[in-house]
Amino acid sequence: NKIYLASRTATLGHAIGTLYLTTKCFLDGPSWNIVNTDEQTYFLGYSLGYFVYDLIYLNLFEFSWLYNGHHILSIASTGSMYFSGIGGYHGCVLLFLAEVTNPLHLFWDAFRQNKIKDWFEWITPYYGYVFITVRGLILPTVCLIHNYVWWHEPIDYRLKILWTGLNIALNGASYYWCYLI
């Protein structure tokens, strides 16, 4: 259906845009506790807009408590980094890792939705391996490193608590998705 296709096209656009824009942010080098660069601010605004769009889409056409929760947490995380003016490098790293799995997920989901059994069965082990490796192992490890950095830097304690809580909740959703695969 056209609405589903439009949504998945926007999701793919966000994933590819994220990979491109975060690479530009990485070229600036790590900036753990400094004001967001212009590239980081642009990227955070870009992702914030996508999460708001996709949350609206989900509520209108494909309601899911899990995806809604994930998008609300993503809006809170991305928005806090965008509006506070700090944490942009963290946001770039974490969203790069989160979005790197999405192109493969979109193919997997398209094969599943359209009942293309041969392709679905072929891609599932690869998708499962990549998703579990990135979202179940690498991303939580990077979150722990970021939490360590945040708690040892002079950042407002409210942001430290917020970001730590959001990391725990978002990683919990990733673990649940790993379980479902």
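Okay, so let's go over this structure. Residue numbering note: each chain is counted from 1, following its sequence as written. Owing to the predicted nature of the model, reporting of local features is limited to residues with pLDDT of at least 70; listing and counting of side-chain atom pairs is limited to 80 or more, with chain, interface and lining totals taken over all residues. The side-chain quantities take in all heavy atoms of the structure and omit both hydrogens and water.

Let us look at a nonpolar patch on the surface. A contiguous nonpolar patch, built from I3, V52, I56, L60 and F61 and spanning about 470 Å² of accessible area, is present on the exposed surface. Tallying contributions element by element places helix α2 (residues 38-61) first for the nonpolar patch, with 4 residues. In DSSP terms, a helix is any run of H or I states spanning at least four residues, a strand is any run of E spanning at least two, and both are numbered starting from the N terminus. Within the secondary structure, V52 is located in helix α2. For every residue, the accessible area obtained with a 1.4 Å probe (protein chains only) is divided by the maximum for its type, and the residue is called buried under 20%, exposed over 50%, and partly exposed between those limits. For V52, a relative accessible area of 37% puts it in the partly exposed group. Like charges within 9 Å and nonpolar side chains (Val, Leu, Ile, Met, Phe, Trp, Tyr) within 5 Å are joined into patches, using only residues over 30% in relative accessible area that form no salt bridge. For the accessible areas, the method is Shrake-Rupley and the probe is 1.4 Å, while residue cover comes only from the protein chains on display. The working definition used for a salt bridge is a side-chain nitrogen of Lys or Arg within 4 Å of a carboxyl oxygen of Asp or Glu.

Another point: helix α7 (residues 157-180). The span you would expect from a helix comes to 1.5 Å times its residue count less one. The first and last C-alpha atoms of α7 sit 35 Å apart over 24 residues, in line with the 34 Å expected at 1.5 Å per residue. Taken residue by residue, α7 has L159, K160, W163, T164, L166, N167, L170, N171, A173, S174, W177 and C178 as its buried positions. Any two residues whose heavy atoms approach within 4.5 Å are treated as being in contact. In this structure, the buried residues of α7 make contact with α3 (65-84), α4 (88-99) and α6 (117-151).

It is worth spelling out the packing of helix α1 (residues 2-27) against α4 at this point. An axis is simply a line fitted to the C-alpha atoms; with a helix, the fit covers only the stretch in contact. Between two such axes, the angle follows the N-to-C directions and lies from 0 to 180 degrees. Contact geometry of α1 with α4 gives a least axis separation of 9 Å together with a crossing angle of 140 degrees. On the basis of their axis angle, the class for α1 and α4 is oblique. Crossing geometry of α1 relative to α4 is assigned as left-handed. Residues H14, A15, T18, L19, T22, C25 and F26 of α1 touch α4, and the partners they reach there are Y89, C92, V93, L95, F96 and E99. The residue makeup of the contact of α1 with α4, split by class, is 9 nonpolar, 3 polar and 1 charged. Throughout this description, any angle smaller than 35 degrees is read as roughly parallel, any larger than 145 degrees as roughly antiparallel, any in the 65 to 115 degree range as roughly perpendicular, and the remainder as oblique. The crossing is said to be left-handed when, going from far helix to near helix, the turn is anticlockwise and less than a right angle, and right-handed when the turn is clockwise. Throughout this entry, Asp, Glu, Lys and Arg are counted as charged residues, while Ala, Val, Leu, Ile, Met, Phe, Trp, Tyr, Cys and Pro are counted as nonpolar. The remaining residues, Gly among them, count as polar.

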